[in-house]
Amino acid sequence: MKFLVCISQTPDTTAKISFSADGKEFNAAGVQFIMNPYDEWYALVRACELREALGGSVVALNVGPASNETTIRKALAIGADEAVRINAEPKSAAFVAKQIAEYARNEQFDAIFFGKETIDYNGSEVGAMVAEILDLPYISYASKLDLNGNAATFERDIEGGVEVLEADLPFVVSASKGMAEQRIPNMRGIMTARTKPLKVVEPVPFEEQVETVKFSLPPAKAGVKLVDPENMDELVRLLHEDAKVI
Amino acid sequence: MVLVFAESPRGHLKKAAFEAVTYGKKVADLLGTSCTALTLGTVDQAAELGRYGASKVLNVADASFDQFDSQRFAAAIADVAKNNGAKVVIVSHTSTGKSIAGRLAVRLDAGLVSGVSGLPEVSGGQLTVKKTVFSGKAIAEYRITSPVSVLSLMGNAIKPDASGQSVAAENISTNAGSGRIRVKDVRTQEGRVPLPEAEIVVSAGRGMKDPSNWGIVEDLAETLGATTACSRPVADSDWRPHHEHVGQTGIAIRPNLYIAIGISGAIQHLAGVNNSKVIVVINKDPEAPFFKAADYGVVGDLFEVVPRLNEAFKKFKASN
Ligand SMILES: Cc1cc2nc3c(=O)[nH]c(=O)nc-3n(C[C@H](O)[C@H](O)[C@H](O)COP(=O)(O)OP(=O)(O)OC[C@H]3O[C@@H](n4cnc5c(N)ncnc54)[C@H](O)[C@@H]3O)c2cc1C
Ligand SMILES: Nc1ncnc2c1ncn2[C@@H]1O[C@H](COP(=O)(O)O)[C@@H](O)[C@H]1O
């Protein structure tokens, strides 16, 4: 089995978010970056588990600048066999999808793994785009994945429930909570990661169809209005008359 | 023309579909054009979509669409979009819509903005739209420069407006190829509004101490017709089912009213709920970080406050 896991780098959850004065760019100064949790905890770990059970290899791929290599090495420490970095700023989901699809096109992967979304731009776009470019089935928000021969069974999260389905290999999948358990890289993993291959590939040209006009911070909350715990009628009145939500 | 894909899971149009058509009609007005709604597979009351603003309702009455496959759905929607010269294609930002949106963008060679939360600004026929990014910590504005745009609409971003006239659905056929996904089973939790669609959410955390204490939360939710949710440690220790877990690693929601009971308000929790319109926090610790993100706060013991609040809501409902 040959698996591709697409990993992105995002600001840490607790990072303070700010932008350049003109609102055009994310201010990365002082921000701690991590591997996108869905990519790391679920997609990558499940791909590694399946490789451990069935044999084959796991390739971790990131579209990003050289500064992302710490994150890529972490994917190798967790268990990927090799890594590929497509050397470009990930400007948009469509750009990233194009780069991933062009790379994967001739590599005969049995499955391509994504996280359900990135925690920075929250798009949930790249996986579906890659599936369409490569004309593959796409199973999104999978909380369970098992392989049996040439077919795979999935459970996927839907609004208010779970869908159980089956698809043939090859396929594209996006992982949500439940697909695997987070793994902390061990010392041996960290040591061997240093010697595993990390290939750098140049991007293919792409024309953007979406421009970022600007970023801004949401308006500050007016501040909490405290209500006497003895007087819940007052809270109900406020929710009805002021907030108008009941 | 603006084309809206109206989801009909298990044969029924849901709130997300009515929101998407209401939004599509407003986008069509801004562009000086009309709004067409499309349904795939078995659907009851497709004509209803006219009331939400569709001047035309198309249905592909092919039962093979009763099973979801993003590949076939995107092929069918793109086919209808092309045949009708759609300039904007809108889907809901649901598990279904999100799986289709990226595919549609590729098929239609269109720019995509997913999870939009407000109406676009239109200039020179181009759309500029807003969405929240960084898990609710910022807002981004994007301009789509391609001739065709694809948008997915965030739930609860617009109020469905049913002031129009119903329109008889027209049966059409499309070429969507054969599917490669076999749906074996769908397990749904009956009787509740799914969390992403809920207008009122009552949520509780570790402050509840023990799963056997959840009765007061259930009672409050019952009175309000609300859906229940929980913090992550509560789901992780199996006090509550996993599908109730909201936050960064769970579900992101934006109800009109979010009532947080015995939840501290960690940043990862807030990431999933801070787009709620109104937040009420009940916590005995006045220093709990959640109060900073709240609109209304009650500092007190939840075991006393929650039953009292329930009685107050009951009294209010009886007199209104
Ligand atoms: C990468 C990452 C991702 C995460 N993702 C999520 C996520 O998606 N969702 C999520 O919820 N968390 C998430 N967490 C966990 C998060 O950081 C917090 O640990 C968690 O939200 C705390 O849950 P809690 O508020 O229920 O419990 P606690 O933090 O223990 O808070 C309990 C609260 O109850 C109050 N309380 C206690 N007794 C009473 C009483 N009798 N009356 C009134 N109030 C009382 C206390 O004052 C306290 O504020 C994540 C953490 C990490 C590191
Ligand atoms: N720059 C990137 N390099 C590699 N994979 C990425 C990149 N950005 C996003 N992805 C993958 O696409 C998924 C969905 O991203 P998004 O569409 O941005 O929410 C992520 O969970 C990753 O698996």
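Data block above holds the structure.
Just so you know, these numbers come straight off a predicted model, no measurement behind them.

Draft legend 1. Main features of the overall build of chain A. Looking only at helices and strands, chain A features 6 helices and 13 strands. Projected onto the principal axes, the alpha-carbon positions of chain A cover approximately 65 × 45 × 40 Å. The buried share of chain A, reckoned over its 246 residues, is 55%. A separation of at least 24 residues holds for 69% of the contacts in chain A among residues at least 6 apart in sequence. Looking at chain A as shown, the accessible area adds up to about 10,700 Å², and 50% of this sits on carbon and sulfur atoms. Of note, chain A has its 25 positive side-chain charges centred 5 Å away from the centre of its 37 negative side-chain charges.

Draft legend 2. Representation of the site of ligand 1 within the structure. Taken together, 27 residues lie around ligand 1, and Ser231(B), Ser264(B), Gln268(B), His269(B) and Asn283(B) are the ones closest in. Neighbouring residues of ligand 1 are not confined to a single chain but are spread across chains A and B. The backbone of Val246(B) places a nitrogen or oxygen atom 2.9 Å from a nitrogen atom of ligand 1. Within the backbone of Lys284(B), a nitrogen or oxygen atom sits 3.1 Å from a nitrogen atom of ligand 1. Considering ligand 1 on its own, with 980 Å² of exposed area, one finds that the protein chains cover 80% of that surface. Listing elements by their share of the shell around ligand 1, those giving two or more residues are α5 (232-236), α6 (267-273) and α7 (302-318) of chain B. Among the residues forming the shell around ligand 1, the class breakdown is 7 nonpolar, 14 polar and 6 charged.

Draft legend 3. Layout of the site of ligand 2. Residue and element names in this part refer to chain A. Around ligand 2, a shell composed of 19 residues is seen, among which Cys 6, Asp 39, Val 63, Ser 124 and Glu 125 lie nearest. In the model, an oxygen atom of ligand 2 is placed 2.6 Å from a nitrogen or oxygen of the Cys 6 main chain. Within the backbone of Val 63, one N or O atom sits 2.8 Å away from a nitrogen atom of ligand 2. If you tally residues by element for the shell around ligand 2, the top one is strand β4 (residues 57-63), at 3 residues.

Draft legend 4. Focus on the nonpolar core. Judged by nonpolar contacts, the single largest core of 58 residues is most densely connected at Leu4(A), Ile100(A), Ile112(A), Leu40(B), Ile77(B), Leu104(B) and Leu108(B). What Ile77(B) contacts, discounting residues up to four positions off in sequence, is Leu3(B), Phe5(B), Leu38(B), Leu40(B), Val89(B), Ile100(B) and Leu104(B). Val45(A), Ile139(A), Leu165(A) and Ala167(A) belong to the second largest nonpolar core, which has 43 residues in total.

What counts, and at which threshold
Residues numbered from 1 in each chain as written. Chains lettered and ligands numbered in written order. Predicted model: local features only at pLDDT ≥ 70, side-chain atom pairs only at ≥ 80, totals over all residues. Heavy atoms only, no water. Helix = DSSP H or I, 4+ residues; strand = E, 2+ residues; numbered from the N terminus. Buried < 20%, exposed > 50% of the residue type's maximum accessible area, 1.4 Å probe, protein only. Contact = heavy atoms within 4.5 Å. Areas by Shrake-Rupley, 256 points an atom, 1.4 Å probe, with all protein chains shown as cover. Lys, Arg positive; Asp, Glu negative; His and termini not counted. Charge placed at Lys NZ, Arg CZ, Asp CG, Glu CD. Near = heavy atom within 4 Å. Polar contact = N/O pair within 3.5 Å; in protein donor to acceptor, adjacent residues only side chain to side chain. Nonpolar A, V, L, I, M, F, W, Y, C, P; charged D, E, K, R; others polar. Core = buried A, V, L, I, M, F, W, Y, C linked by side-chain atoms within 4.5 Å.

Everything listed here is a matter of geometry and, on its own, says nothing about what the molecule does.
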